[in-house]
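Structural overview for review
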Amino acid sequence: MANNRWRVATAGALVLTTVTPAMIAQGATIYMDDLVISEYVEGSSNNKALEIYNGTGATIDLSAYTIELYANEKTTPSNTLSLSGTLAHGETKVFVHASANDVLKPLGEVASITNFNGDDTIVLKKGDAIIDSLGKIAAQVDYAKDV
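If you're wondering where the values come from, they're calculated on a predicted model, not measured in any experiment.

Before going further, it helps to spend a moment on the sheet that holds strand β9 (residues 79–82). Spatially, β9-β8-β13-β14 is the arrangement adopted by the 4 strands of the open sheet, whose pairing is antiparallel. If you trace the sheet from one side to the other, it starts and ends with β9 and β14 (129–134), each paired once. Adjacent strand axes in the sheet meet at a mean angle of 20° when their direction is disregarded. Relative to β9, strand β8 (residues 65–70) is paired through 4 bridges, and the arrangement is antiparallel. Considered in β9, the bridge of Thr-66 is made with Ser-82.

In structure tokens:
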């Protein structure tokens, strides 16, 4: 996981990763090494969403990235989403469940990867390398149930 983040659970709606996209150190701007999972919504019913953020200082070609869902203690992904397109520095990409409510659905792209519960693991990969995750593969812990 990236070093520039803190996980914060808010009672109202979502688990959010606070991202510091650029830090100033002795007049130089320091950027993140790679993309991160920046927001997670596991609300009532199918109100689920996931957001990735680019704080690298450059536009990223998303074709090298996948998001994997590991449900119910599985050691292999139960669902994989191959990303495409580009993501500019400072921008986010949001994925929502196909049956999310009318407030959440317009915020992102419908993706089957959002068929998760608060005890499933979500992994962001670049090639074969895990660059960020929520939860732990093969462990079923309610880390983000109904948040």
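From this point, things continue past the structure.
Let us look at unusual backbone geometry. Although it is not a glycine, Ser-45 sits at a positive phi angle of roughly 55°. Overall, the relative accessible area of 62% leaves Ser-45 in the exposed class.

Taken as a class, soluble globular proteins show a tendency for nonpolar side chains to be buried jointly. Of all hydrophobic cores here, the largest spans 21 residues; its most connected members are Leu-35 and Ile-67. Of all the secondary structure elements, the ones that give two or more residues to this core are β5 (36–42), β6 (48–53), β8, β13 (121–126) and β14. Looking at which element gives the most residues to this core, the answer is β8, with 3 residues. Residues in contact with Leu-35, not counting those within four places in the same chain, are Ile-52, Tyr-53, Asn-54, Thr-56, Ile-60, Leu-62, Tyr-65, Leu-87, Leu-124 and Ile-131. Formed by 6 residues, the second largest nonpolar core is a distinct cluster that contains Val-94, Val-96, Ala-100 and Leu-104.

Cut-offs used in this document
Residues numbered from 1 in each chain as written. Predicted model: local features only at pLDDT ≥ 70, side-chain atom pairs only at ≥ 80, totals over all residues. Heavy atoms only, no water. Pairing = 2+ DSSP bridges. Helix = DSSP H or I, 4+ residues; strand = E, 2+ residues; numbered from the N terminus. Axes fitted to C-alpha atoms, helices over the stretch in contact; angles between N-to-C directions. Buried < 20%, exposed > 50% of the residue type's maximum accessible area, 1.4 Å probe, protein only. Core = buried A, V, L, I, M, F, W, Y, C linked by side-chain atoms within 4.5 Å. Contact = heavy atoms within 4.5 Å.

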